[in-house]
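Analysis of the macromolecular model
Given next are the chains, with one letter for each unit.
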Amino acid sequence: MLAYVARRFVYAVPIVLSVALVCFLLVHITPGDPLVAVLPADASQELAAQLRTAYGFDRPLPVQFGLWLWKAVHGDLGNSIATGRPVLSEVIRAVANTVTLAVVAAVIGFTLGLFFGIVAGYFRNTWIDKVATSVAIAGVSLPHYWLGMVLVIIFSVQLNWLPAVGAGPGGSGEWKWDWAHLSYLVLPAITTSVIPMGIVTRTVRALTGDILSQDFVEALRAKGLSETHVFRHVIKNAAPTALAVMGLQLGYMLGGSILIETVFSWPGSGLLLNSAIFQRDLPLLQGTILVLALFFVFLNLMVDIAQASIDPRIKRG
Amino acid sequence: MSEATLPKAMLERIEDFGGAAQPLLKVVGLTKHFPVRGGLLSKARTVRAVDNVSFEIAKGETVGIVGESGCGKSTTARLLMHLMTRDAGEILYDGMQVGRALSLRELRRGMQMVFQDSYASLNPRLTIEESIAFGPKVHGMDDAPARKLARELLDKVGLRPETFANRYPHEISGGQRQRVNIARALALSPRLVILDEAVSALDKSVEAQVLNLLADLKSEFGLTYLFISHDLNVVRYISDRVLVMYLGEVVELGPVDQVWDAPAHPYTRALLAAMPAADPDNRTETPPITGDPPNPIDPPPGCRFHTRCASAEPMCSAASPTLTDLDGAGHQAACYMAIPGSGHSRASAAEKAA
Amino acid sequence: MTVITESVLQAAPVTKTRGYWGTVGRRILRDKVSLICACVLIAIFLSALFAPWLGLADPYQGSMIRRLRPIGTPNYPLGSDELGRDMLARLIYGGRLSLIIGILPVVFAFMIGTVLGIVAGYVGGKLNTAIMRTVDVFFAFPSVLLAIAISGALGAGIVNSIVSLTIVFVPQITRVAESVTTGVRNMDFVDAARASGAGALTIMRVHILGNVLGPIFVYSTGLISVSMILAAGLSFLGLGTKPPEPEWGLMLNTLRTAIYVNPWVAALPGVMIFAVSICFNLLSDGLRSAMDIRE
């Protein structure tokens, strides 16, 4: 097992480097001189030349990449052009909010998804299955940002039960786990949970159905095992794949939160990305994407290892 | 040999070069080792699928290859067809070296193969006619004559073209599919056809029909067969000469009657004894051979059969015996017991210096 | 392969046989859900295509005094938007851009990804490693993040939005195409084709393509559903279409401020995105089960 973990980590190194390269190149596929982004509109020629040297834009690309990577490894992702603060601290504060949102959404989405999926798998081709499958397919087909708007219309505009935007009373204060703050979390979390709910339902339904139609389940029942025992076997066999899918979904929630955070003005990494894009704050854009992607790679790695440790079929040599 | 009944529009055959004395296929030292990937720390190992195999096939002859599954029969077939690259060895077609005197493309026309799985060897998206016509079209025939040829060949293999030509593989039976595969092989006017377990998956009654068809086609088209099978009865029925393979090596070869009547290698004896006898009084109660073949990954040193051989002696695990001629009539075996003067206690005394 | 010769015509088949796609077509026509979805999609396509001849109001012509009328107002069957433009006209005209930016990326990615995947799967070896390891890099990004990152870096615009979504989908389709091709490549009929002397290109065209296109196509149909949501999402963020063009995602964005005045009109463009997306999803499911022909 230890060898397996070590090997997974070794395999992750080239991926991490490639991700860094893609993030680095992002700034260089931007139309025009990357300098434009950091230059005040009325800058003189001298200032432009000065800044060019300061940012290293005058050096060959591989050298720039090396320097950038060297700094990044040491936690220096540069400073935000808009605020002048270090990118890393901005990103970390925003990511914390996104994690809060994603974790709550994951709890909702995975619980519902597992429930619908198992029920639909057990009662395949009955009306229960049809309802669960419809919910699942609606979940994955919904434009989630629109669902967010609709929820705001119903619960904030019409019923006035929940706040529409923000992450707490009085603007962006410290996050607390009390109702005053939680009420701000309800709508974005439900919105975020819809896609993972649909995907987990689909996956678990297929898994449960497949396992139940296998010969060994017949054999278990023939042996006179209770349905509770049979259920335990189903869970054991479905767990590795279900876990992998849920891990991936958690990653998507963390990385793909920009649309929902924009709808609800949730001060997470997505909203940060949004403002970075529209203020052409390239260091911030680059840094946010890098941190989110690395997070995603790390999460995938953890899922792989967790999956291997509970699935005897994956060789751990 | 009624040449007149052959389809007129067939591709031209590869010309007969060396005459009757030249073997149609000569294989020397054919070797294929598959690397098996080790773990992060364990070193890589190899499967010796085919190890130094040599034999000849004369023109018009049928040569059988028998052996347990995993002995390298099918790998040999794929190596001969150049579907796989070999690690060592030479393959001469009518005296011509492939890639030099004979291009690979020409060899394809001279040598064809019928696979075991009749369904997997036909493209499910093509009609039967299209599957048969594909080969000739690759070699420059136009679509219309290629389809015409396909229909004539369907007739030759006993399938009414008007019923079968436009069907898809899943719409016909296994025996019919294997007839289609034979027609597909014949469409390139080959002189040598390799039949890799071509009848093994068929029902016994269908198998007999297909074997008879093969015999008819052989005389009609003047073919030479390499017939690979694990079924000894079938091999005896159809073959002139036979090769017995064990773990990638040829352990015995010779005219089929001599090998059957006087098997020289204990493995051949065991295989023959394992055949269910037709006469219930003749049935043996004790299994002549026990255990599975050893793992072909890193096979045992010396004679590969010594781990399962009742007469194994220390010399057998020390060095492997080479194929040795037994009677001057082409019967050869690789066993110290059969080699006079080899030093094995059951070998006959040396007649000439060993 | 479609030339029918005289001899073939003379020997017409005694039994009628349907090709694979004929059987699939018949099965999908029997599936009510797929049929309904296909009809809805065709209706949306045709109305977008023939919008100028449907007698609709001008989708660009606003009216300061008739802003944000509710659904059911005379002359404004679906109300009016924040600039007083007719919502029905804008929704129907909006289909043009929305469908283009949603479907084109998948079409491009289907073409590129299929070729890359088949080549990687059939040729194998170092080329496979090179292609598939590159694909892995893109899988290290969540697709929404990747689309927005590329779009954000390239800047707003329809072309950039299509480019960025194509880049997002190519790796996904390549991976599917490669795995299907690898499966087909190991079948005996491919070896039989090689044994007949056919070159790699001929084998890929005649023997591989026909057997892998189906699964790749089904997968891509499902991707259109995702692509519609993402493309409209980019516009919603302001990275795709620019005003005053009618486009569903952009309309959702500009109507966001109107949710306090006339909430249901503001939600309408999302209904369109949802409808197209769910129809493609269901159609993809229907196709998948119709193609799952077991003997």
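Residues numbered from 1 in each chain as written. Chains lettered and ligands numbered in written order. Predicted model: local features only at pLDDT ≥ 70, side-chain atom pairs only at ≥ 80, totals over all residues.

Some words on the overall build of chain C
Check the secondary structure of chain C and you find 11 helices and 0 strands. Listing the helices and strands of chain C from first to last along the sequence gives α-α-α-α-α-α-α-α-α-α-α. The C-alpha extent of chain C, read off along each of the three principal axes, is 75 × 50 × 30 Å. The proportion of buried residues among the 295 residues of chain C is 50%. In chain C, of all internal contacts separated by at least 6 residues, the share reaching a separation of at least 24 is 70%. (Helix = DSSP H or I, 4+ residues; strand = E, 2+ residues; numbered from the N terminus. Buried ≥ 20, exposed ≤ 12 C-beta atoms within 10 Å, placed from the backbone. Contact = placed C-beta atoms within 7 Å.)

Considerations on the overall build of chain B
Helix and strand content of chain B: 11 helices and 12 strands. Across the 354 residues that make up chain B, the buried fraction comes to 46%. Here the contacts in chain B between residues at least 6 apart in sequence split such that 63% fall between residues at least 24 apart.

Quick word on the environment of B:Ser131
All names here are of chain B. Within the secondary structure, Ser131 is located in helix α3 (residues 128-138). Taking the C-alpha atoms as reference points, Ser131 and Tyr168, separated by 37 residues in sequence, lie 9.6 Å from one another. Other than its neighbours up to four places away in sequence, Ser131 contacts Leu122, Asn123, Leu126, Val180 and Arg184.

Some remarks on the sheet that holds strand β12 (residues 332-333) of chain B
All names here are of chain B. Taken together, 8 strands build an open sheet; the order of strands is β6-β7-β8-β3-β9-β10-β12-β11 and the sheet is mixed. Whereas interior strands pair on both sides, the edge strands pair on one side only; in this sheet they are β6 (111-114) and β11 (324-325). As paired elements, β11 and β12 share 2 bridges and run antiparallel to each other. Directly across from Asp325, in β12, lies its bridge partner Gln332. (Pairing = 2+ DSSP bridges.)

Structural notes on the sheet that holds strand β5 (residues 96-97) of chain B
All names here are of chain B. Read from one edge to the other, the open sheet built from 4 strands follows the order β2-β1-β4-β5, with strand pairing classed as antiparallel. A strand with exactly one partner marks an edge of an open sheet, and here the two such strands are β2 (45-57) and β5. The sheet strands contacting helix α1 (residues 73-80) are β1 (25-36), β2 and β4 (88-93), and the helix crosses β2 at an angle near 65 degrees. (Axes fitted to C-alpha atoms, helices over the stretch in contact; angles between N-to-C directions.)

Observations concerning the packing of helix α4 (residues 87-123) of chain C against helix α11 (residues 263-291) of chain C
Residues and elements named next belong to chain C. One way to put it is that α4 packs onto α11 with a least axis distance of 11 Å and a crossing angle of 25 degrees. As far as their axial angle goes, α11 and α4 are roughly parallel. Relative to α11, the crossing made by α4 is right-handed. Judged by residue contacts, Met87, Leu91 and Gly94 of α4 engage Val265, Leu268, Pro269 and Met272 from α11. (Parallel < 35°, antiparallel > 145°, perpendicular 65-115°, else oblique. Left-handed = near helix turned anticlockwise from the far one by under 90°.)

Quick look at the confidence of the model for chain B
As a note on interpretation, predicted positions should not be read in detail where pLDDT is low. Residues with a pLDDT of 70 or more make up 88% of chain B, whose mean pLDDT is 84. Helix α11 (residues 314-318) of chain B is the least confidently modelled element of chain B, averaging 82 in pLDDT, while strand β8 (residues 224-228) of chain B averages 94, the highest of any element. (pLDDT = per-residue confidence, 0-100.)

So, the interface of chain A and chain C
Contact residues are listed per partner, giving 38 residues for chain A and 33 residues for chain C. Its residues assigned to classes, the side of chain A that touches chain C shows 30 nonpolar, 8 polar and no charged. (Nonpolar A, V, L, I, M, F, W, Y, C, P; charged D, E, K, R; others polar.)

Some remarks on the confidence of the model for chain C
Residue and element names in this part refer to chain C. Overall, the prediction assigns chain C a mean pLDDT of 86, with 93% of residues at 70 or greater. Here residues 1-16 is a poorly scored stretch, pLDDT under 50, and it has 19 contacts once near neighbours within four places are set aside; other chains count. Per the prediction output, this complex has pTM 0.85; the corresponding ipTM is 0.86.

What to know about the environment of A:Ile195
If you trace the backbone, A:Ile195 turns up in helix α8 (residues 179-212). Apart from residues lying up to four places away in sequence, A:Ile195 is in contact with A:Gly139, A:Val140 and A:His144.

Overview of the pairing of β6(B)
Residues and elements named next belong to chain B. Going residue by residue along β6, you find Met111 and Met113 tucked away on one face and Gln112 and Val114 tucked away on the opposite face as well. Note that β6 and strand β7 (residues 192-196) share 4 bridges and pair parallel. Note that in β7 the partner of Val114 across the bridge is Leu195.

Looking at the nonpolar core
Core analysis: the largest hydrophobic core is formed by 255 residues, its most contacted members being A:Met149, B:Ile194 and B:Val244. For this core, the leading source of residues is helix α9 (residues 200-237) of chain C, giving 19 residues. With residues up to four places along the chain from it excluded, the contact list for B:Val244 reads B:Val66, B:Gly67, B:Val250, B:Val251, B:Glu252, B:Leu253, B:His265, B:Tyr267 and B:Thr268. (Core = buried A, V, L, I, M, F, W, Y, C linked by C-beta atoms within 7 Å.)

Quick word on helix α1 (residues 2-29) of chain A
The end-to-end C-alpha separation of α1(A) is 41 Å, in line with the 40 Å expected for 28 residues at 1.5 Å each. Those residues of α1(A) that fall on the buried side of the exposure criterion are A:Val19, A:Val22 and A:Cys23. Residues of α1(A) that are buried make contact with α13 (282-310) of chain A together with α5 (125-139) of chain C. (Expected span 1.5 Å × (residues − 1).)

Here we look at the pairing of strand β3 (residues 62-66) of chain B
Residue and element names in this part refer to chain B. Counting buried residues in β3 gives 5 out of 5 residues, a clear majority hidden from the surface. Taking every second residue as pointing to the same face, both faces of β3 are buried, with Thr62, Gly64 and Val66 on one and Val63 and Ile65 on the other. Bridging between β3 and β8 involves 4 bridges; their strand directions are parallel. Note on β8: the bridge partner recorded for Val63 is Leu226.

Brief notes about the domain arrangement of chain B
Residues and elements named next belong to chain B. Domain annotation for chain B reports domain 1 (3-239) and domain 2 (245-353). Residue-level contacts link 23 residues of domain 1 with 17 residues of domain 2. Where the side of domain 1 that touches domain 2 is concerned, the elements lending two or more residues are β2, β3 and α8 (232-238). (Domains from an automatic or database assignment.)

Points about unusual backbone geometry
The omega torsion across C:Pro243 and C:Pro244 is 10 degrees, close enough to zero to call that bond cis. Structurally, C:Pro244 is set in the loop between α9 and α10 (248-254). In the Ramachandran plot, A:Ser265 falls in the positive-phi region, its phi being about 50 degrees despite a non-glycine side chain. Looking at where A:Ser265 falls in the secondary structure, it is placed in the loop between α11 (258-264) and α12 (269-278). One non-glycine residue, B:Leu247, lies in positive phi territory at about 45 degrees. Within the element layout of this structure, B:Leu247 appears in the loop between β9 (241-246) and β10 (249-255).

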